[in-house]
Amino acid sequence: MARQATTTDAFNAVAEPRRRQILDVLAGGERRVNDLVGVLGLPQPLVSKHLRVLREVGLVDVRREGRERIYRLDAASLKPIHDWVKDYERMWSDRFDALDEVLEQLKEKEEGSGDDDK
Amino acid sequence: MTFPSDTQIQITREFAAPKNLVYRAVTEPELVTRWWNAKRGEVTTCEIDLREGGKWRYVMVADEGGYEVAFHGEYKEIVPNERVVTTEAFEGAPDPDTNATTNTMTLEEHDGTTTLTVLIDCPSQFVRDAIVESGMEAGLQDAYDLLEEVAISLR
């Protein structure tokens, strides 16, 4: 079966708003397919299709309970995305830490020059 | 760091200093040189012509790899100790000036603590993603809504 290459990694899998919605729901705990259909208000085949994509990239796990298939979020697989945003954030954080040091030195200097005036 | 819209990035940080000092630290070349490197290299050029229409340019040589990272821009609005609006172009990007962002920095002081906010307005969502992505494979549309809610489950 031909499949778009766009579904092969977690980044692309979460680019689809409906799939993010599914992950949001699963972030609150595991759900049966029918529960997801109810919460999302989408046709069951569409929900199943999105779940399959999410499973293929490891963002969700499935287990069977009788005839039911129960899905849950695999949070660890979201880590690359989390790290990816964090990198940029860390750069600014390091920058601001350095700025903190500069400000401390400026404050000391200002207090120092204040004393000189007295 | 938050994403107020598909084309924006907002960064906020509090500093234990009055806003006139924060303003000096972000506008005086000899002070900017000491923090803009984010401890990742040495700032080798820091030119600031602090007036509306004036230009700035920062260059850093990275400790790791020794490559140069250069940014430049033009000041659009300056309210001393309060607000600076400037364009910011990354010289390593294709078509730097077309893909430049507009950054609005505001300073608010409360009880001796200054909150610095930078709102980065990108010309497109693609540019926004490329900035955050910094070097990784392109193609993500918007993972951030998800992250805000789900990142918690990673802790």
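Residues numbered from 1 in each chain as written. Chains lettered and ligands numbered in written order. Predicted model: local features only at pLDDT ≥ 70, side-chain atom pairs only at ≥ 80, totals over all residues.

Draft legend 1. Structural view of the overall build of chain B. On a plain count of helices and strands, chain B comes out with 4 helices and 7 strands. Buried residues in chain B amount to 23% of all 155 residues. Within chain B, contacts between residues separated by at least 24 positions form 35% of all contacts whose residues are at least 6 apart in sequence. (Helix = DSSP H or I, 4+ residues; strand = E, 2+ residues; numbered from the N terminus. Buried ≥ 20, exposed ≤ 12 C-beta atoms within 10 Å, placed from the backbone. Contact = placed C-beta atoms within 7 Å.)

Draft legend 2. Region of interest: unusual backbone geometry. Residue and element names in this part refer to chain B. The phi dihedral of N81 is positive, around 70 degrees, even though this residue is not glycine. Along the polypeptide, N81 turns up in the loop between strand 4 (68-79) and strand 5 (83-90). The backbone of D111 sits at a positive phi, close to 50 degrees, despite the residue not being glycine. Judged by C-beta crowding, with 4 C-beta atoms within 10 Å, D111 ranks as exposed.

Draft legend 3. Broad picture of the packing of helix 2 (residues 17-27) of chain A against helix 4 (residues 44-56) of chain A. Residue and element names in this part refer to chain A. At their nearest, the axes of helix 2 and helix 4 sit 10 Å apart, and the two run at 75 degrees to each other. Looking at the two axes, helix 2 sits roughly perpendicular to helix 4. Contacts from R18, R19 and I22 of helix 2 reach helix 4 at H50, L51, V53 and L54. (Axes fitted to C-alpha atoms, helices over the stretch in contact; angles between N-to-C directions. Parallel < 35°, antiparallel > 145°, perpendicular 65-115°, else oblique.)

Draft legend 4. Layout of the packing of helix 3 (residues 33-40) of chain A against helix 4 of chain A. All names here are of chain A. Two elements in contact, helix 3 and helix 4, have axes separated by 10 Å at closest approach and are oriented at 115 degrees. With respect to helix 4, the axis of helix 3 lies roughly perpendicular. The two elements helix 3 and helix 4 meet at a crossing, and its hand is right-handed. Contacts from V33, L36, V37 and L40 in helix 3 reach Q44, V47 and S48 in helix 4. When the residues that make up the contact of helix 3 with helix 4 are grouped by side-chain class, the tally is 5 nonpolar, 2 polar and no charged. (Left-handed = near helix turned anticlockwise from the far one by under 90°. Nonpolar A, V, L, I, M, F, W, Y, C, P; charged D, E, K, R; others polar.)

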